[in-house]
Protein chains: 2
Amino acid sequence: MNKIAAIVGGGVIGGGWAARFALMGWDVRVFDPDPEAQRKIGEVVAGAERALPMLYDAPMPARGTISFHTDLAEAVAGAAYIQESVPERLELKHKVLAAIQAACSPESVIGSSTSGFKPSELQQGAARPGQIVVAHPFNPVYLLPLVELVPGDDADEPIFEQACDILRAIGMYPLHVQAEIDAHIADRFLEAVWREALWLVNDGIATTEQIDNAIRYGFGLRWAQMGLFETYRVAGGEAGMRHFMEQFGPCLKWPWTKLMDVPEFTDELVDLIAGQSDAQSGHMSIRQLERLRDNNLVAMLRALKGQEAAAGKLILDHEATMQQPLVDEVPLITVRRKVPVDWVDVNGHMNEGRYGQVFSDASEAVMTHVGADRAYIAAGHSYFTAETSIKYLAETLVGEDILVETRVTLGDGKKLRLWHEMKRAADGEMLASCDQFLLHVSLATRRSCPPLADVRDAVERLARLHAGASEGPAPRAPRDI
Amino acid sequence: MNKIAAIVGGGVIGGGWAARFALMGWDVRVFDPDPEAQRKIGEVVAGAERALPMLYDAPMPARGTISFHTDLAEAVAGAAYIQESVPERLELKHKVLAAIQAACSPESVIGSSTSGFKPSELQQGAARPGQIVVAHPFNPVYLLPLVELVPGDDADEPIFEQACDILRAIGMYPLHVQAEIDAHIADRFLEAVWREALWLVNDGIATTEQIDNAIRYGFGLRWAQMGLFETYRVAGGEAGMRHFMEQFGPCLKWPWTKLMDVPEFTDELVDLIAGQSDAQSGHMSIRQLERLRDNNLVAMLRALKGQEAAAGKLILDHEATMQQPLVDEVPLITVRRKVPVDWVDVNGHMNEGRYGQVFSDASEAVMTHVGADRAYIAAGHSYFTAETSIKYLAETLVGEDILVETRVTLGDGKKLRLWHEMKRAADGEMLASCDQFLLHVSLATRRSCPPLADVRDAVERLARLHAGASEGPAPRAPRDI
């Protein structure tokens, strides 16, 4: 399988697909008749380039290319994955899907971003119905992992499996929806809430801002990490889910929603909502709002990653597939990463504590390299840092690519000493240095002890290699900044 | 106004109220006829004691007491705030509210945790209707800031204002719902989604786990930080909210939800959902799930706090009211805090980078104390750290209370040198020390320069004070851990 993706139909969704594929190492071909497509997609890609790599504490794959095509057949020919994101009109989708199938390989996956149509509807009259699956993503496509994957009854099994594999490889979570249904799963909830929200605004009960606050200061936080049922399971307490349902069940009969009815979509209602939304958010441009949203999502996803929970766990698992083993060189390149938004302090640069974290990550990379990895730690031994001296030589800004070069300056029994130099990837400027002294410990006694033989040998081998290759750096005076 | 809160009715909600009030420095009196009330509330309070202080990077107020009462009149007499959280039956609420009003001060706030009843319903037949407001919180009450505050038409204005002030003072966000309506605002959305979810499970479209994943890997993350309308405003892109509504509007007429209809609440449906929930989460106890939920919420709220956004901004604003100015003593106590869940690494203890962050916070406290505060930074000057040497002397565990003692060892022109000792609050054991060298900088040139006169004088005064009071500590050798 090649790593070529064709994106048919641009806009915010198509642009998000293009960005995610390209940043995950795929070459992307875009077909979109909109004369502004290149500019619009370029803006989405710029946002994605800034935010997506911040989710990962591992180096990203080499970026793929993005090319723009005026000929649909040229764009899709030979692509392993094709994603259709044209407007939500069935006859248009049929026309575009037919043109795609006329030019693409029968082995390609054809995913549709449709929010509402069932796969059987998309497959009507297709040359190869089984090749077409619903692959419904969520905006911003480059940050949110969910994609609802609905194969439908006529799906080609190998193509469906291929779709799952490809989506996982680009960091998404394909949610296999077995039974096809209008609007799949998530949009049914969004539709229900949207309808209720329109009523609340229409009836003057709440403004758009009050509704947003009612969500983001309350149940939105619960849902972001547990969803609906697990949240209620916890709420049910010791008595469990059954008890919760018995309590909540009867409310269903109460007149708590207006959902049986559809509000009239009048100009007045549109004006009311657009006006309230302006009052709430009009002081920020869409670009500023997107930046704010992306920063919040990155920070929250990284927070969940730290807990190894919910969507953070997905990113952690994906990251594990991206980690490259260290190469035995002098110096070792122990960290390659981008500075994420949650590392910045009141001075607008990377907080000094995060330098310590980078050097901690660097020593963890060395530990993994010598066999003191997660399994070794789980079995009862580790290295603890006893002392660090860090010199801060230049400011490090959010979004910058950095790397750490590490030299083993001592590897003797339970003692391990590392010299780290953190550099800006773009120009090699040294940002900070760190002299770090670690001790091997038993996690049972929490006291120092010699490492197990394999680790000891690996450390001593590295120390010899590094002693032979360099003098060992002298401590530096802080530069006058 | 005294700081006494009466909690009438325990359980998960009443317990959450009790915990939040007590941890924010109020004395709490609980009335709950359940013989298990003390145990149940104790468990909620234990969870809150662990998690709530982790939201704050400032010392918490001195904890209030929690007492249990078998006499309702004794519990409510003289309390400034009374919260009713008894089961959702109107005649029971009327009875309890009448008993409360017979014993409490007419100036007290009486809040009701009701999910569904309107204030006018609760106020029916009351001695002083205007004293009763709906104050509807969200579980876990000790972490989620939202409380829907519905005064109703008969509300007493000073009591409503008092309710707002008190709820803000304990870190909550009182959302003023002007027009009363069944189920207020948030529960209308929860009800709509719950109903739709029951249909999806009932019809075999999705399992409880698939539904949770459809929420937490997708729109749940969006809602946690922006809510509904601002999310769609961004989705509308440059064309704005009006454009988005024109796109989404017509879908309302499509058959995307089953909400016009209520699913029959049969034993089969209850069994189906309880069984799926067991399959999804049954490997964890409710206590484990609560712990997981609280850890996730703390980490996400702290992430939003770092971005000064959404619910994180609320916590930041609340924290500002909790900060105490430094006292001019030797040593300065520059940090008092609890170690939050997001500071722990693979070894199960505080990551070495977070030690650096604590010492960075300690130096920021010194800066604020000498007048190099946020306003000074905004005006173009700051201190940057040039060098730190940290010795890690003992492990620091999640949830531990720590403090930092700081001595100014040099304050001369643009140079500032600090000696920090981080200690465990419980026993004073030294956990780490840090020798930190900072330089005063111009934020325009990003180069060092002398501080402005007021800051220079304050630094020199502190340095003289500390030189007179202590020898200045000698560097220490790393302890053999």
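What counts as what
- Residues numbered from 1 in each chain as written.
- Chains lettered and ligands numbered in written order.
- Predicted model: local features only at pLDDT ≥ 70, side-chain atom pairs only at ≥ 80, totals over all residues.
- Heavy atoms only, no water.
- Least-squares fit on C-alpha atoms with pLDDT ≥ 70 in both.
- Contact = heavy atoms within 4.5 Å.
- Helix = DSSP H or I, 4+ residues; strand = E, 2+ residues; numbered from the N terminus.
- Expected span 1.5 Å × (residues − 1).
- pLDDT = per-residue confidence, 0-100.
- Salt bridge = Lys/Arg side-chain N within 4 Å of Asp/Glu carboxyl O.
- Buried < 20%, exposed > 50% of the residue type's maximum accessible area, 1.4 Å probe, protein only.
- 1 Å grid on protein atoms, 1.4 Å probe; cavity = no way out; pocket = protein on both sides within 12 Å on 5 of 7 lines; lining within 4 Å.
- Points joined across faces, edges and corners; volume = space filled by probe spheres on them.
- Nonpolar A, V, L, I, M, F, W, Y, C, P; charged D, E, K, R; others polar.

**As for the relation of the copies chain A and chain B**
One copy of the chain maps onto the second through a rotation about an axis and a displacement along it.
Then, number 1: In screw terms, the move from chain A to chain B is a rotation of 180° and a rise of 0.0 Å along the axis, fitting with an RMSD of 0.0 Å. Seen this way, the second copy is the image of the first under a two-fold rotation axis.
Then, number 2: Same-surface contact between copies: 100% of interface residues of chain A are shared with the interface of chain B.

**With respect to helix 4 (residues 90–103) of chain A**
Then, number 1: Taking 1.5 Å of rise per residue, the 14 residues of helix 4 of chain A would be expected to cover 20 Å, and the 20 Å separating its terminal C-alpha atoms lies within 8% of that figure.
Then, number 2: The elements touched by buried residues of helix 4 of chain A are strand 1 (4–8), helix 3 (72–76), strand 4 (81–84), strand 5 (109–112), helix 5 (119–123) and strand 6 (132–137) of chain A.

**A word on the confidence of the model for chain A**
Then, number 1: Per-residue confidence for chain A gives a mean pLDDT of 90, with 93% of residues at or over 70.
Then, number 2: Note that residues 474–481 of chain A has pLDDT below 50 and, in this model, 23 contacts with residues that lie over four places away or in other chains.

**Let's talk about the pattern of salt bridges**
Then, number 1: If you walk through the whole model with that rule in mind, you get 66 salt bridges over all chains.
Then, number 2: Linking E387 of chain B and K391 of chain A is a salt bridge whose minimum nitrogen-to-oxygen distance equals 3.5 Å. Here K391 of chain A lies in strand 10 (residues 381–392) and E387 of chain B lies in strand 10 (residues 381–392), a pairing that spans two chains.
Then, number 3: Take K391 of chain A: its relative accessible area is 7%, and that puts it in the buried class.
Then, number 4: Of the charged contacts, one joins R424 of chain B and E400 of chain B as a salt bridge, the two residues approaching to 3.1 Å between their closest N and O atoms. Here the residue R424 of chain B occupies a position in strand 12 (residues 415–424), and E400 of chain B occupies one in the loop between strand 10 and strand 11 (401–412), the gap between them amounting to 24 residues. Pair check on accessibility: R424 of chain B and E400 of chain B agree, each one buried.

**Here's the deal with empty space enclosed by the protein**
Then, number 1: With the rule as written, the count across this model stands at four cavities of 30 Å³ or more.
Then, number 2: Empty space within the largest cavity amounts to approximately 270 Å³.
Then, number 3: Those elements that provide at least two residues to the lining of the largest cavity are helix 14 (352–369) and strand 10 of chain A together with helix 14 (352–369) of chain B.
Then, number 4: Considering each element in turn, the lining of the largest cavity owes the most residues, four residues, to helix 14 of chain A.
Then, number 5: Here the lining of the largest cavity is built from residues that sort into 12 nonpolar, six polar and four charged.

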